[in-house]
Amino acid sequence: MEDTKSQGKKMLESAQALIRRTAENMKLDEDTIRRLIEPEFFHEASLTVTMDDGKKKVFKSWRAQHNSALGPYKGGVRFHPETVRDEVQALATLMSIKCAVAGLPYGGGKGGIAIDPKKHSKAEIERVSRMFVKKMVNVIGENLDVPAPDVNTNAEIISWMVDEYQNIKGYKSPASFTGKPVSMGGSLGRTEATGRGGVFVLQALVEKLSKEKLKTVAVQGFGNVGYFFAKLAHEVGFKVVAVSDSRGGVYDEKGLDPVAVKEFKKKGGQVSDYPGKKVTNEELLSLPVDILVPAALENVLHEKNASKVRAKVVFEMANGPLTQEAYEYLSKNNIIVVPDVLANSGGVTVSYLEWVQGKAGYWWSEEEVNSRLKETMVRAFEAIWKKSVAEKIPMKQAAFEVAIEKIVSAMV
Ligand code: NAD
């Protein structure tokens, strides 16, 4: 537990340090920096829930509301046994930056429940989800704080949460949560949105770096983000030469079809047994590819393995896949790091589109959603690229500057 606590603390300190460094470079005064760092609210609730055997169990839960200068708080709720308060606060902080980077009218929020969903029945998880909403009902809502799915939470869990919220309030409020099933007012295109948004950014980057001939891609992680990123990158002409999941991966320099790998996995095969060369997750990170895409976990590139990266671009589709040391090493060695706050902001962007549709009571076709997603991602990329080139600074620093400028200009 101590370890988990210190991990959460480390994550929070590093998010806050990044904001402080950027804000100091921008010559902001100390009080403004404090306003950018301190969360506006932090809600903590013990959820007492009856288990299937009739016994009561208590789960810790949190909702952090970091900064609302740009709009209502927005961010997922994660279910994880190792979730701690500091981690939730760090993720809320990064959501403020991500929403500002994407130009969305939102502040940053995040929720967490310390629960291991693998150890509970579906009925118990439903009761925990509903209890979370009961405790938080007065601090969330479509114009206040809009939760969404995150690690170990999905459309079904959100459907229970929105149902509980509406039952308590006594009216319908489809814009109070995003990531809902389409039948309950979810948006078409939400499932693929994070991967699709990443590919739009990658295409825009490749256009800027046309002399580099960026073609080959290795993707670590074959879940929602990694699979759709690989599939859509393949569809628009990139050569996906390696993919992996938690059990390892496959490499084929001639290129792989991610849909075929997925089919193979669905039929009971392991990704690493797909025809090609077996690679471990560690080996995948040092393959001779143009673009390396960590799309699974945090901190996979660190001080011990960053020097082995041979890619020209590291594209952060996971949240926080690089430690500070790895980031500094890669940047010093002219490897372009496309930051998570830009690369994976397609998910929250389509959440925003879902919220707009819910508020209007009018739903768009998938083509309309995808075209608005593209417009948002390309606009966000262009602003960061322009600053990065003009000020000769890495894209991550440029992203934080763009975000902080927007937040500060809306603070009164
Ligand atoms: P997911 O659970 O759908 O998939 C995770 C994938 O990573 C799985 O294929 C799993 O096998 C693999 N994996 C687990 N441990 C691994 C390991 N040690 N090495 C390699 N692969 C491993 O999760 P997801 O929704 O795809 O999220 C992935 C990352 O993207 C997370 O950092 C998440 O916070 C971030 N993210 C997700 C979204 C979204 O819309 N889903 C949006 C923004 C950011």
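Residues numbered from 1 in each chain as written. Predicted model: local features only at pLDDT ≥ 70, side-chain atom pairs only at ≥ 80, totals over all residues. Heavy atoms only, no water.

As a further point, take the site of the ligand. In the vicinity of the ligand there are 18 residues, among which Thr-194, Phe-222, Asn-224, Val-225 and Ser-246 approach most closely. Separating an oxygen atom of the ligand from a backbone N or O atom of Phe-222 is a distance of 3.0 Å. One of the backbone nitrogen or oxygen atoms of Gly-223 is found 3.0 Å away from an oxygen atom of the ligand. Burial of the ligand by the surrounding chains reaches 70%, relative to a free accessible area of 820 Å². For the shell around the ligand, the class distribution of residues is 7 nonpolar, 9 polar and 2 charged. (Near = heavy atom within 4 Å. Polar contact = N/O pair within 3.5 Å; in protein donor to acceptor, adjacent residues only side chain to side chain. Areas by Shrake-Rupley, 256 points an atom, 1.4 Å probe, with all protein chains shown as cover. Nonpolar A, V, L, I, M, F, W, Y, C, P; charged D, E, K, R; others polar.)

Okay, the pairing of strand β10 (residues 291-294) next. Both faces of β10 are covered, namely the face carrying Ile-291 and Val-293 and the face carrying Leu-292 and Pro-294. Sheet topology note: the strand β6 (residues 216-220)/β10 ladder contains 4 bridges and is parallel. By the bridge assignment for β10, Val-217 is matched with Ile-291. With 2 bridges connecting them, β10 and strand β11 (residues 313-315) associate as parallel partners. When the sheet's bridge partners are listed, Ile-291 is paired in β11 with Val-313. (Buried < 20%, exposed > 50% of the residue type's maximum accessible area, 1.4 Å probe, protein only. Helix = DSSP H or I, 4+ residues; strand = E, 2+ residues; numbered from the N terminus. Pairing = 2+ DSSP bridges.)

On the basis of which strands lie adjacent, the open sheet formed by 5 strands has the order β1-β2-β4-β3-β5 and mixed pairing. This sheet does not close on itself; its edge strands, each paired only once, are β1 (41-50) and β5 (145-149). Averaged over all pairs of adjacent strands, the angle between their axes in this sheet comes to 20°, without regard to strand direction. Pairing geometry for strand β3 (residues 73-79) and strand β4 (residues 107-113), over 5 bridges, is parallel. By the bridge assignment, Val-77 is partnered in β4 with Gly-111. Across the face of the sheet, helix α4 (residues 122-136) comes into contact with β1, β2 (56-67), β3 and β4 while running at roughly 140° to β1. (Axes fitted to C-alpha atoms, helices over the stretch in contact; angles between N-to-C directions. Contact = heavy atoms within 4.5 Å.)

Attention now goes to the domain arrangement of the chain. Domain annotation for the chain reports domain 1 (2-184) and domain 2 (193-343). Contact residues are listed per partner, giving 6 residues for domain 1 and 6 residues for domain 2. Contact with domain 2 buries area across many residues of domain 1, yet Arg-21, Lys-98 and Val-101 alone supply 54% of it, more than any other trio. Remark: the boundary between domain 1 and domain 2 carries 0 salt bridges. The interface formed by domain 1 and domain 2 holds 1 residue pair in polar contact (both at pLDDT 80 or more) in total. Counting only elements with at least two residues in the side of domain 1 that touches domain 2, the list comes to α1 (2-25) and α3 (85-101). Counting residues per element, the side of domain 1 that touches domain 2 draws most heavily on α3, at 4 residues. Partitioning the side of domain 1 that touches domain 2 into residue classes produces 3 nonpolar, 1 polar and 2 charged. (Domains from an automatic or database assignment. Buried area = accessible area lost by both parts, 1.4 Å probe. Salt bridge = Lys/Arg side-chain N within 4 Å of Asp/Glu carboxyl O.)

Counting across every chain of the model gives 30 salt bridges. Across the pair Asp-163 and Arg-130 runs a salt bridge, and its minimum N-O distance is 3.0 Å. Of this pair, Asp-163 sits in helix α5 (residues 155-169) while Arg-130 sits in helix α4, and the two are 33 residues apart along the sequence. One salt bridge in this structure joins Glu-316 and Lys-396, with 3.5 Å as the shortest N-O distance. Separated by 80 residues along the polypeptide, Glu-316 in the loop between β11 and α10 (324-332) and Lys-396 in helix α14 (residues 395-410) bring together distant segments of the chain. On the basis of relative accessible area, Glu-316 is assigned to the buried category, the value being 0%. On the basis of relative accessibility, which here comes to 11%, the residue Lys-396 falls in the buried class. Via salt bridges that share partners, Glu-126, Arg-130, Lys-134, Asp-163 and Glu-164 belong to a single interconnected network.

Across the 7 residues of β4, 7 count as buried, placing the element largely inside the fold. Going residue by residue along β4, you find Gly-107, Gly-109, Gly-111 and Ile-113 tucked away on one face and Gly-108, Lys-110 and Gly-112 tucked away on the opposite face as well. Pairing of β2 with β4, which is carried by 6 bridges, proceeds in the antiparallel orientation. Along β4, the bridge assignment pairs Trp-62 with Gly-112.

Once that is clear, we can look at the nonpolar core. Generally speaking, nonpolar side chains in soluble globular proteins are found buried as a group. Counting 67 residues, the largest nonpolar core has Phe-229, Val-243 and Phe-315 as its most contacted members. With residues near it in sequence (within four places) discarded, Phe-229 still touches Gly-195, Gly-198, Val-199, Leu-202, Val-217, Val-219, Val-293, Phe-315 and Met-317. The next biggest cluster of nonpolar side chains, apart from the first, holds 25 residues, and it includes Met-51, Phe-59, Phe-132 and Tyr-165. (Core = buried A, V, L, I, M, F, W, Y, C linked by side-chain atoms within 4.5 Å.)

Phi angles above zero are rare outside glycine, and Asn-152 is one such case at about 65°. By the secondary structure assignment, Asn-152 is in the loop between β5 and α5. The backbone phi angle of Lys-213 is positive, close to 50°, even though this residue is not glycine. For Lys-213, the location among the structural elements is in the loop between α6 (193-208) and β6. For Lys-213, a relative accessible area of 65% puts it in the exposed group.

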